[in-house]
Amino acid sequence: MDSGSTIGGSNPSSPAESMRNKKFINLFVLYSAYIWFTSFSGSILPTHFLKQGLDFKQMMLGKLFLFSGQIILLLFFTAFKSKKAWRLALILNFGYILLSIRILNPTQFYLANILSGFALFFFYIFYNIAHFENTPQEKRGYSSALMFSIGPLIGIFAPLASGFLASKNITYLWIFSGVFFLFAFYFTKRQENFNVAYTLKSALREIKSTRWFIFDQGIWEATIFGIIPIFSLFFIKEPLEYGGYLAYLALMAVLANLLLGRFTDKIQKRAIFLYPLTISIAILTFLFVFAVGNIFIWFVLTGLLQFLLPLFWNISTAMVVDSHPNLRLAMPGREYMLASGRIVGLLIAFISFSLEKIPHNVFFILGFVMFLYPVILFWNTKISKRHSYL
């Protein structure tokens, strides 16, 4: 699947455009099925891990193993085919679920997270490439918004369903997870097969103008992938209540992302929105210091953050796609920098959880990290004038 043959100004009624639309629909169905499977099977697992005897530090360490697994494959699996990758992603995620059913020791938990990290590599690099190669350039903002809206949309229902079933009998969670795994696996056969081959050096060179933004984002994302899911267990310990909390967070994200995606496509200056978004996210991160002992403030701040987050992901991803036309190099480079940043951020969070009974300092550090994002953007575009971003 050549990016030159899939992006362009084809007549909407042409055979080429119709073929692209069919590819995109098939891709999006696979993506939706994958997100449903992973959200249903994994969203309320922190409550299960807590009941299995894991503490907060071990859960945070598990997140470190997850992204370390992704890094390992990014370094050594530099040529692969898409269909095989998507199938492996599903199988590895299912392996993660199987290993989570009964955790006998922390090593088993860490191994499960490594498998989940492998799945991140196999699914998202190939999906992101296919998604944007089958999107016309003038529609990338809206296409990115669709991609980052389906997760929150599914996130309204899947955690509630899994939380309800787990509250009745957690065996139902494992059974339905298997059903949804098979459903998603079926849609891999409908995808067009393509090859991705890169070297890490060439991938990082391709994203030279954006890689520090990506790394900075990755460090801050420890807030989303580590701190919020784990720290919320201070307040919520039952699967149904935890699923309801996740549904509330997802509900905050759906509408705003789609609306802004359409708007930024029209003005074709998406990057300008990164200033208010990143400054707002940095301020919210600082304010979490006041939320760690108050469930009401925690709910309000996490809800506001979740409202802004898909907008940030939408625009920052579209900026990378717009800035780097060779997606088969840009996407591996992006995933490497994101994973590297997430490992650094999660290591900071792990140290904070280890040294403080109730972590506070981590929010100051990660808030400062996010505040660097608009500072670097302003420096690159207005002071040094080295780069210009859409």
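This structure is a prediction, so every number in the text was calculated from the model and none was measured. (Residues numbered from 1 in each chain as written. Predicted model: local features only at pLDDT ≥ 70, side-chain atom pairs only at ≥ 80, totals over all residues. Heavy atoms only, no water.)

## With respect to the overall build of the protein chain
Logical step 1: Counting its regular elements, the protein chain contains 17 helices and two strands.
Logical step 2: Residue burial in the protein chain is summarised as follows: out of 390 residues, 57% are buried.
Logical step 3: Within the protein chain, contacts between residues separated by at least 24 positions form 86% of all contacts whose residues are at least 6 apart in sequence.
Logical step 4: In the structure as shown, the protein chain presents an accessible area of about 16,200 Å², 69% of it carried by carbon and sulfur atoms. (Helix = DSSP H or I, 4+ residues; strand = E, 2+ residues; numbered from the N terminus. Buried < 20%, exposed > 50% of the residue type's maximum accessible area, 1.4 Å probe, protein only. Contact = heavy atoms within 4.5 Å. Areas by Shrake-Rupley, 256 points an atom, 1.4 Å probe, with all protein chains shown as cover.)

## Some details on the packing of aromatic side chains
Logical step 1: In this structure the tally under the stated criterion is 43 aromatic pairs.
Logical step 2: Aromatic pair phenylalanine 109 and tyrosine 110: ring centres 5.9 Å apart, planes at 55°, arrangement tilted.
Logical step 3: Aromatic pair phenylalanine 225 and tryptophan 313: ring centres 6.2 Å apart, planes at 20°, arrangement stacked. In this pair, phenylalanine 225 is assigned in helix 11 (residues 222-231) and tryptophan 313 in helix 15 (residues 295-323), connecting sequence segments 88 residues apart.
Logical step 4: Classification of phenylalanine 225 as partly exposed rests on a relative accessible area of 26%.
Logical step 5: What makes tryptophan 313 buried here is its relative accessible area of 16%.
Logical step 6: Between lysine 84 and the ring centre of phenylalanine 80, over which it is positioned, the NZ or CZ distance is 5.8 Å. (Phe/Tyr/Trp six-rings, centres within 6.5 Å; stacked < 30°, edge-to-face > 60°. Lys NZ or Arg CZ within 6 Å of the ring centre and 35° of its normal.)

## With respect to the nonpolar core
Logical step 1: Core analysis: the biggest nonpolar cluster contains 123 residues, and Trp86, Trp220 and Ile227 have the highest contact counts within it.
Logical step 2: Ranked by residues supplied to this core, first place goes to helix 6 (residues 106-133) with 16 residues.
Logical step 3: Those residues in contact with tryptophan 220 that sit more than four places away from it in its chain are Ile281, Thr285, Leu305, Leu309, Leu366, Val369 and Met370. (Core = buried A, V, L, I, M, F, W, Y, C linked by side-chain atoms within 4.5 Å.)

## A short note on helix 5 (residues 82-100)
Logical step 1: The terminal C-alpha atoms of helix 5 lie 27 Å apart, and with 19 residues this matches the ideal 27 Å at 1.5 Å per residue to within 8%.
Logical step 2: Residues Ser82, Ala85, Trp86, Ala89, Leu90, Leu92, Asn93, Gly95, Tyr96, Ile97 and Ser100 constitute the buried set of helix 5. (Expected span 1.5 Å × (residues − 1).)

## Observations regarding the packing of helix 4 (residues 56-76) against helix 11
Logical step 1: Put simply, helix 4 and helix 11 touch, their axes get as near as 10 Å, and they point 155° apart. Between helix 4 and helix 11, the interaxial angle falls into the category roughly antiparallel. Helix-helix and strand crossings are classified by hand; for helix 4 and helix 11 the assignment is right-handed. Here Phe56, Met59, Met60, Lys63 and Phe67 of helix 4 come into contact with helix 11, specifically with Phe225, Gly226, Ile227 and Ile230. (Axes fitted to C-alpha atoms, helices over the stretch in contact; angles between N-to-C directions. Parallel < 35°, antiparallel > 145°, perpendicular 65-115°, else oblique. Left-handed = near helix turned anticlockwise from the far one by under 90°.)

## What about the environment of glutamate 192?
Logical step 1: Within the secondary structure layout, glutamate 192 lies in the loop between helix 8 (170-186) and strand 2 (195-197).
Logical step 2: Among the residues examined, glutamate 192 registers a relative accessible area of 35% and is labelled partly exposed.
Logical step 3: Measuring from C-alpha to C-alpha, the distance between glutamate 192 and serine 82 comes to 8.0 Å, with 110 residues separating the pair along the chain.
Logical step 4: Side chain to side chain, glutamate 192 and lysine 23 meet in a polar contact 3.3 Å long. (Polar contact = N/O pair within 3.5 Å; in protein donor to acceptor, adjacent residues only side chain to side chain.)

## With respect to empty space enclosed by the protein
Logical step 1: By the definition in use, this model includes three cavities of 30 Å³ or more.
Logical step 2: Reported here for the second largest cavity is a volume of approximately 50 Å³.
Logical step 3: If you trace the second largest cavity, you find it lined by Thr210, Phe213, Ile214, Gln217, Ser316, Thr317, Met319, Val320, Arg334 and Tyr373.
Logical step 4: Those elements that place two or more of their residues in the lining of the second largest cavity are helix 10 (211-220) and helix 15.
Logical step 5: The dominant element in the lining of the second largest cavity, judged by the number of residues it contributes, is helix 15, at four residues. (1 Å grid on protein atoms, 1.4 Å probe; cavity = no way out; pocket = protein on both sides within 12 Å on 5 of 7 lines; lining within 4 Å. Points joined across faces, edges and corners; volume = space filled by probe spheres on them.)

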